[in-house]
Amino acid sequence: MSSSYSKTKMKALKEALAAKDWTAVEKNASDVLTFEGSNYNARVFLALALFNLGKFEESEENYKKAIEGAPTQPLARQGLASFYEKRNRWSDYAWSLQELMQLFEQSGDAIKYGESLQKFIEVRRAHGTVPELIQALSLIIPSSPTWSLLRQLPPANPTAPLASSVHTLQLALQSALPTLLEITTLTETLESNALTSEVNKRRQRLGGTTLSAAETRRRVEAEQLPTSALPALYRSLLDDPDAASDDELRRSVERKLLDHLGNLLKALPSRFDGPNLDLKAQEKRKEARDEEEFVKGHVREEVERLSHDMVLIGVKEEKAWMTVLDWSDRNSTWDTVDWREVGRYVETFPQTGLANIARASQILRDTAEAPNLDSADNATKPVPPSEEEMLQIIEDGLAASPDSLLAHILSSHYLSDKREWEPLVQISEAGLALLLRIEKEIGRALAKSRRTLESHLAISLVHFNPPVHHLRALRLLESLLAPPNKPAIPLLSAKAYVLQHSEKWVQAVDAWDAVIAASGSSVEPSLEVQEERSWCLYNAGELETAREALKDVVRELEKRKQVRDEERKAKEIARSKAGQERGEGVEEGETSVETLERATAWWRLGKCLWDLGETDPSQNEPAYDAFIAAVFASPTFAPAFTSLGIFYRTVDPPDYKRASQCFEKAFELDNGQEIAARYLAEEFAEIGEWSLVESIARRIVEGAGSRAAMGGKAAQRLSWAFKALGGAELNIKRYPNAISAFLSALRGAPGDVHTWIRLGVAYRGSGKHIAALKVFARALEIDPTSWFAKYSIGDVQRDIGLLEPAIKSFRSILEDRPKEVGVRVVLAETLLAAGAEQLRSGFPIRAEESLMSAIEEACSMISDGSPTRIAWKVAADAAAALSKISGATPIPVVEKLIEQLERQAVDSKIEGMTAIKVSSLRPILTTGSPSNIWSALAALGYKMRVLLETQNEASIGSAWFDFGLSLWNLRSQGADLLRDSGSKELALQQSVRCLKFALHKEPYNPLFWNALGVVAFDLSPRLSQHAFIKAIEHNARSAVPWANLGLFYTVHGDDDLANQAFLKAQVLDPDFVPAWVGQATLARQAGHFTEASVLLHHAFTIGSDTPEADLGFATSSFAQYRSSSDSSLTPAESLSGPLFALTRYLSRRPQDVSALHLNALILEQLGDHETASASLEEAASLLSDLYDSDESPEVEARFIIAQSNLGRVRLANEDHEGAITAFDFALNLIPSPSSLPENPSAESGLSREQAILLYTECKLGMGLAQFWLGETSTALELLSEGLEELESVTSSKKADLAVSLCRIYWSEEDEDRALSALLDSPDVESIKSSMVVKLTLQALAILTSDKALMEVVKRVHQHPEAKYNLDATRMNALERLLKEDEAGALDIISRTLHAAPWENSNRRSLARILIELTPRPGPDSPNINLEICSRFLRTKNVVGETTDSKARRLIGGATIFAAQEGKETEALSMLEKAVWSAPWHSAARHALSSFVETTKH
């Protein structure tokens, strides 16, 4: 029943299929498959129905099930392919077609296979990639595996294209050539794009090996080209029968194949590649070397075979011809060149550079082989090119064919024959570089070509500019002559020439003998060899043998000349008979080369005879005849003229005129004639023609300097020329050229001291001072007696700032040469410079010694009548510098200077300059201050210099300038001379006049204008401003006038312009301190004290010695210290810098009262009370003297303050009697507070508040001093008087007096009077509001256990922040502890910690109290107090923490650890760190020693 049911359903299915009722088809097919699941047709029809019903996934699944059920049936596969095509699933469609093709291939159905293949190609062409299309097209070429099946298809019928379903395929099968061409084109594009893409990707890769673009491409080609499909395709095209008739196509394919194989050959690794530093790559190369060599050799053979075939049939492809010609390696000589092959190349490529060179070379070769043809033959043969034309052909040919190895070899052959050495060197080197590249590319050595080019290079290096390149040539010759190479005569001759130029004459003779031996016994050696061997024998000292040999050579050369003359005459007779003229440029008879050879031989014979004439005078005349014969042989042969000149100078009597003419002629012909040049230079030097000497030396150096650079005898001969040239260059200050010349001179004369010294001078002039020192030291080693070398060493040391060694050098010279004026002058100047530098560096004592020595040297020169102008300048400058040093006592030599001034009558010789006179200086020598004496002496010294420089226009301006500035300085430093204001005004006016005189001489000198502005600053503001602006105009790059202009504007109230001027000065010179000080002054005037402090600190740290900066920095820093609340910095850390600045300032200005006072205040803060007391005493003394002169209230006020501070410092230093004296001085000058008016007049020196404060301090200080002296009653009386005087005034200082009075009563055990001192005062409420009073009352209450007094203390009104005061906290905690209220004490202390948890002092106080409290056990610790302490104290370093603070923190931590059991090691470690952090901290050292002692016991 199932079978009939299935048939019924299948019948219905087919009917529905015919009616395209896809629903019915689906139903019937499903029914059939229900009963017969393996029904192939039903499954296929079901899939078709599902596709048409839009059920695509189910349709595809049923197609695949049908294929699985019957894999050999095509219907389901065809349906699935149609499904994919209609769904545009082209990849799946192509896959299904491939499945069908495989099925039909197995069944042998050519038509069905062709239909599927045609569709497959179409889909790949329309929707596939290039590789997929290439794969598809590869199925229809003869190499396809199904080619035999496709050949079963019937031929295409062009008349009925639609009659066949595979008509397109049939057409393609008729000829495979179009398909091969298409595949080839696609493959070329595909591989080219892949290669380019890979190259770009590697070039853009980060972190990879840095390679050039060419090397990267080469590596990629080496990877990709070996697997390329193109060579096989190219060969298929060439083998295709249809391509046999298309020559153009074949040539194109052959070129492409040759290019491809050539690129592959270049890309493959070669054994000629350079070394690889990658070790792994080297190991890889070792393993794969044989395989790589085999592959490269195989590719090379293919390239050579293809090139040979192309050349054989005459293909016009130059690369193939170059391969055949260059790689053949048989072009070592003219005879081994394949001229037939070269001729074919010339015919094929007539316009290339190689063709032109080869054509001209062949013509020259043919002409040389058959030179004597008759005229008829000559008319038909091409005309050989001339030498100039051939050189041009070679130049143009190599430019057109730079990659032709044959062109380089042919050119080298020609140039070697013509002895054109310089171009031969260039072409041989270029040829060797090209050869190396070819060898790398082809992986094979071209030994013959290399030997040819290296031989040409070696020979040319020997003869080109000898002996510069001989070292390089000798290396080449040694390798070319080494076994198993056969020795070549040209190479042996070249080696002999090298030895000859090296003046190794014996070895050169042996070398020429080797040349003769290599020529063979049957061959007569050439005249050149005989002559050179004879010349070597002459130089080796074998004069007799050399003479005979040279005579033989001369004899043969003369015979050759006769032959050439006869040939010339014969040619002239023949031309005369034929009626012809000699062609232009045609050389007949003896050639120029032969003429030179003959002249050289005669001259050498003459030299030999001349040297023999030293022992046999009869040889002199023959020598002269030989020189004359050389001149007749070649009138341009310069050595013969040189020898003739020597002959004329030597004969008796000497003929110097003829000798000079001969030398001039020789040097004119050849500037390398060193002997002639030296004789000429000596003659010109004798008559003073130094320009001609320089010209001769320069020409000699230019012509023969390269030989001197090689050293040896040539350098010795040319040493004089280099010295002369170096001296000329030194005179015109071309120091690098002079250095080069002197170094060359020293190669030939290393022991010449004068050259060493001049070299040092050149080094010094070029700024290379260290090199100059070494050179001068070398000169001194050679000649220890050379005083000028010592002087030069000292001079250079002075230039680079080594003044002390320079002074020693100059003094050592003067020990041997005491009268050397120049050295004395330089010594004095150096001493002056040393003193000035030491003064700037802050070493006044050293500076004083140096300046005194400078004055002594200057005075000595003045006494001896030496250069007095310089001496007076040095003396005046030294005196001016000494005026800035306090306590610089005048030395006896000053008396001598004054005597010299009096002897010169300097006072009467300059009219109108009477501000300073010698007569006014002498009276103050014993009574005046040293600074006044030195200032006056400096002014008189400059005045004397003005007299001496009167006739010297170059220096008179600077003399007036110095004199003017000295007069201006005298106003401030010459108090003993200019006592009244009129004298000071006169000095100022005369100073302005002097500066105007200076500007009259040098109106464009910015220093003079700036000085005029400074001098006229107070005298004439308009003139001062004008002078500063002129100084800026003449030198806008100097910061000095800008800073002075800024100060001018500051004084006159224009802050904006002043700020701009100071900023401009800072930009021009950031290290110019006055500019920063001026800007700080502006900031302070504007109220910007922080900015001013920063600017002053920067000015001080620059390091320049500027007193204003030192004082400003010290003042600002001290004020900042007084106002700072930072307790982390100790006084030493805060005030060490200001103290150094003040010390340096006081060394300059020791009588500055303000600086002395400030210095004392800083020393007081640092605890140096003794030095502070001395400073205040000096300040008080100066103020006392100043008050005696003008009795100013302001001076009186400053004196009172100084005495008050002095008393306080003495009291701190426990000098109680001295303190009483100082306080008494001050109290005697301070009015009583009760008598002070409310508003004191402006004339009063002290304000009311200052007077009350000073009075209180003096009373308090005197009382304390009396108390410490044991005078208690006097102390009580003083303090009581003070309180009584202050009853009527309001002052917070009354509390200090009251507290001190209370403490003294308490010390006397008078409790009632102690309390009454605080409580019985009429102004008790204001007194008790003071913190110190409150603390004192609280202490009394605690000590006396007076609860009533404690209540009084608690009722005293305090500021809310007072409860956090450390002293108040300590007192309150002490009160609680006395009551055994530990919890209350901790609560009080913790309040301060909460208020300021960052304060280390609060932490330490709380920790100290916790340690001292009774231990309290905790859950994890026997003493919880210590655990709390460890949390308070920091154990790590704190940013910005000072060393002292760190030490205190570590001591506290160690204390905590020491109190805990088992923590001794940690405690010891922290104490050691504390000592290491601050070794000067006594508490740290004491704590460590105590801990160590405790742990021992």
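Just so you know, these numbers come straight off a predicted model, no measurement behind them.

## Here we look at the overall build of the protein chain
On a plain count of helices and strands, the protein chain comes out with 75 helices and zero strands. The burial tally for the protein chain puts 46% of its 1497 residues in the buried class. Carbon and sulfur atoms provide 52% of the accessible area of the protein chain, an area that totals close to 76,200 Å².

## Some words on the environment of Ala-399
With respect to the secondary-structure elements, Ala-399 resides in helix H20 (residues 387–400). Sequence-wise, Ala-399 and Gly-353 are 46 residues apart; in three dimensions their C-alpha atoms are separated by 7.3 Å.

## Structural notes on the packing of helix H62 (residues 1248–1268) against helix H63 (residues 1272–1285)
Following both chains from N to C, one finds H62 and H63 inclined at 165°, their axes separated by 7 Å at the closest point. In this view, H62 runs roughly antiparallel relative to H63, as classed from their interaxial angle. Judged by the twist between their axes, the crossing of H62 over H63 is left-handed. Here H62 contributes Tyr-1255, Lys-1259, Leu-1260, Met-1262, Gly-1263, Gln-1266 and Phe-1267 to the contact with H63, which in turn contributes Thr-1272, Thr-1274, Ala-1275, Leu-1278, Leu-1279, Glu-1281, Gly-1282 and Glu-1285. The residue inventory of the contact of H62 with H63, partitioned by class, reads seven nonpolar, five polar and three charged.

## Details of the packing of aromatic side chains
A complete count under the given rule lists 30 aromatic pairs for this structure. On the numbers, 4.8 Å between centres and 15° between planes, the contact of Phe-663 with Tyr-679 is stacked. Taken together, the residues span a long stretch of sequence, with Phe-663 in helix H32 (residues 656–669) and Tyr-679 in helix H33 (residues 674–686) at a distance of 16 residues. Assessed through its relative accessible area of 24%, Tyr-679 is described here as partly exposed. One aromatic cluster is present, formed by Phe-51, Phe-56, Tyr-63, Phe-83 and Tyr-84 through successive ring pairs.

## Section: the packing of helix H6 (residues 90–107) against helix H7 (residues 110–127)
Following both chains from N to C, one finds H6 and H7 inclined at 155°, their axes separated by 9 Å at the closest point. Between H6 and H7, the crossing angle belongs to the class labelled roughly antiparallel. Note on packing geometry: the crossing formed by H6 with H7 is left-handed. Note on element contacts: H7 touches H6 through Lys-112, Tyr-113, Ser-116, Leu-117, Lys-119, Phe-120, Val-123, Arg-124 and His-127, opposite Trp-90, Tyr-93, Ala-94, Leu-97, Gln-98, Leu-100, Met-101, Phe-104 and Glu-105. Residue composition of the contact of H6 with H7, by class: 11 nonpolar, three polar and four charged.

## Here's the deal with H7
An ideal rise of 1.5 Å per residue puts 26 Å on 18 residues; H7 measures up with 25 Å between its terminal C-alpha atoms. Among all positions of H7, only Ala-110, Tyr-113, Gly-114, Ser-116, Leu-117, Gln-118, Phe-120, Ile-121, Val-123 and Arg-124 are buried. On its buried face, H7 is in contact with H6, helix H8 (130–137), helix H9 (147–150) and helix H10 (167–174). Sitting at the amino-terminal end of H7 is Asp-109, which places a side-chain oxygen 3.4 Å from the backbone nitrogen of Ile-111.

## Quick look at the confidence of the model for the protein chain
Mean pLDDT over the protein chain: 81, with 87% of residues reaching 70 or higher. Scored below 50 in pLDDT, residues 372–379 makes two contacts in the model with residues more than four places away or belonging to other chains. Taken as a whole, residues 1418–1423 scores under 50 in pLDDT and shows six contacts with residues more than four places along the chain or in a different chain.

## Description of helix H57 (residues 1131–1148)
The end-to-end C-alpha distance of H57, which contains 18 residues, comes to 25 Å, matching closely the 26 Å that a straight helix rising 1.5 Å per residue would cover. Gly-1137 marks the point of greatest bend in H57, at about 30°, and the proline Pro-1138 comes within the next four residues. By the burial criterion, the buried members of H57 are Leu-1135, Pro-1138, Leu-1139, Ala-1141, Leu-1142, Arg-1144, Tyr-1145, Leu-1146, Ser-1147 and Arg-1148. Among the structural elements, helix H41 (821–840), helix H42 (844–864), helix H55 (1089–1101), helix H56 (1107–1123) and helix H58 (1153–1166) are those in contact with the buried residues of H57.

## Regarding the side chain of Arg-300
On the secondary structure map, Arg-300 appears in helix H15 (residues 279–312). The charged side chain of Arg-300 is buried without a salt bridge, its nearest counter-charge being Glu-304 at 4.8 Å. For Arg-300, the contacting residues outside a window of four places in its chain are Leu-265, Trp-327, Ile-442, Gly-443 and Arg-444.

## Examining a negative patch on the surface
Together, Asp-1185, Asp-1188, Asp-1190 and Glu-1191 make up a region of like negative charge exposed at the surface. Exposure remark for Glu-1191: the relative accessible area of 56% places this residue in the exposed category.

## Notes on unusual backbone geometry
In this structure, Pro-484 follows Pro-483 across a cis peptide bond, with omega equal to 5°. Structurally, the position occupied by Pro-484 is in the loop between helix H24 (470–481) and helix H25 (489–501). In this chain, Asp-652 is followed by Pro-653 through a cis amide linkage whose omega measures 0°. Position of Pro-653 among the secondary structure elements: in the loop between helix H31 (638–650) and H32. The phi dihedral of Asn-465 falls on the positive side, at around 50°, and the residue is not glycine. Relative to the helices and strands, Asn-465 is located in the loop between helix H23 (447–463) and H24. The backbone of Glu-1214 sits at a positive phi, close to 65°, despite the residue not being glycine. Structurally, the position occupied by Glu-1214 is in the loop between helix H60 (1193–1212) and helix H61 (1216–1229).

## Digging into the nonpolar core
Soluble globular proteins: nonpolar side chains tend toward being buried together. Leu-117, Ile-140 and Tyr-345 are the most contacted members of the largest nonpolar core, which has 185 residues in total. One finds Met-852, Ala-854, Ala-938 and Leu-999 within the second-largest nonpolar core, a separate group that totals 79 residues.

## Topic: the pattern of salt bridges
Under the criterion given, the structure shown has 66 salt bridges. As a salt-bridge pair, Arg-450 and Glu-439 come within 2.8 Å of each other at their nearest N and O atoms. Of this pair, Arg-450 sits in helix H23 while Glu-439 sits in helix H22 (residues 421–442), and the two are 11 residues apart along the sequence. Looking at Glu-439, the relative accessible area reads 3%, which means it is buried.

## Let's talk about a nonpolar patch on the surface
A cluster of nonpolar side chains, namely Ile-770, Ile-800 and Leu-802, defines an oily patch on the protein surface of about 240 Å² accessible area. Tracing the backbone shows Ile-800 in the loop between helix H39 (787–799) and helix H40 (803–816). We classify Ile-800 as partly exposed; its relative accessible area is 32%.

## As for the environment of Arg-124
Within the secondary structure, Arg-124 sits in helix H7. Filtering out sequence-adjacent residues up to four positions away, Arg-124 remains in contact with Ala-94, Gln-98, Glu-132, Leu-133 and Ala-136.

## Quick notes on the environment of Gly-765
Relative to the helices and strands, Gly-765 is located in helix H37 (residues 753–765). Sequence separation between Gly-765 and Pro-736 is 29 residues, and the spatial gap between their C-alpha atoms is 9.2 Å.

What counts and how
Residue positions are given per chain, counting from 1 as you read along its sequence in written order. Note on the predicted model: pLDDT of at least 70 is required for a residue's local features to be given, and 80 or more for side-chain atom pairs to be given and counted; whole-chain, interface and lining totals, by contrast, use all residues. To obtain the side-chain values, all non-hydrogen atoms of the structure were included, while hydrogens and water were left out. Helix and strand assignments come from DSSP, with helices taken as H or I runs of at least 4 residues and strands as E runs of at least 2, each series counted from the N terminus. For the exposure calls, accessible area comes from a 1.4 Å probe over protein chains only, and a residue counts as buried if that area is under 20% of its type's maximum, exposed if over 50%, partly exposed in between. Note on areas: these come from Shrake-Rupley sampling with a 1.4 Å probe, and a residue is covered only by the protein chains present in the view. Think of each axis as a best-fit line through the C-alpha atoms, taken over the contacting stretch in the case of a helix, with angles from 0 to 180 degrees between the N-to-C directions. Reported orientations rely on four angle classes, namely roughly parallel under 35 degrees, roughly antiparallel over 145, roughly perpendicular from 65 to 115, and oblique for the rest. Helix crossings are classified by the rotation of the near helix relative to the far one: an anticlockwise turn of less than a right angle makes the crossing left-handed, while a clockwise turn makes it right-handed. By definition in these notes, contact holds between two residues if any of their heavy atoms fall within 4.5 Å. Note that Gly is not counted as nonpolar here; it falls among the polar residues with everything else outside the nonpolar set of Ala, Val, Leu, Ile, Met, Phe, Trp, Tyr, Cys and Pro and the charged set of Asp, Glu, Lys and Arg. Here a Phe, Tyr or Trp ring, Trp counted by its six-membered ring, pairs with any other such ring whose centre lies within 6.5 Å, and the pair is stacked when the planes are under 30 degrees apart, edge-to-face when over 60, and tilted otherwise. Expected helix span is taken as 1.5 Å per residue step, with the number of steps being one fewer than the number of residues. Polar contact is defined as a pair of N or O atoms within 3.5 Å, subject to the rule that within protein one atom must be able to donate a hydrogen and the other to accept it, and that residues adjacent in sequence are counted only when both atoms are side-chain atoms. Confidence of the prediction at every residue is given by pLDDT, a number between 0 and 100. A residue's bend is given by the angle between axes fitted to the 7 residues ending at it and the 7 residues starting at it. For the purpose of charge, His is not counted, nor are the chain termini; Lys and Arg are scored as positive and Asp and Glu as negative. By definition, a salt bridge exists where a carboxyl oxygen of Asp or Glu is found within 4 Å of a side-chain nitrogen of Lys or Arg. Like-charged residues within 9 Å of one another, or nonpolar side chains (Val, Leu, Ile, Met, Phe, Trp, Tyr) within 5 Å, are grouped into patches, provided each residue has over 30% relative accessible area and no salt bridge. Every charge is mapped to an atom, namely NZ of Lys, CZ of Arg, CG of Asp or CD of Glu. Only buried Ala, Val, Leu, Ile, Met, Phe, Trp, Tyr and Cys residues count toward a nonpolar core, and they belong to the same one when joined by side-chain atoms within 4.5 Å.

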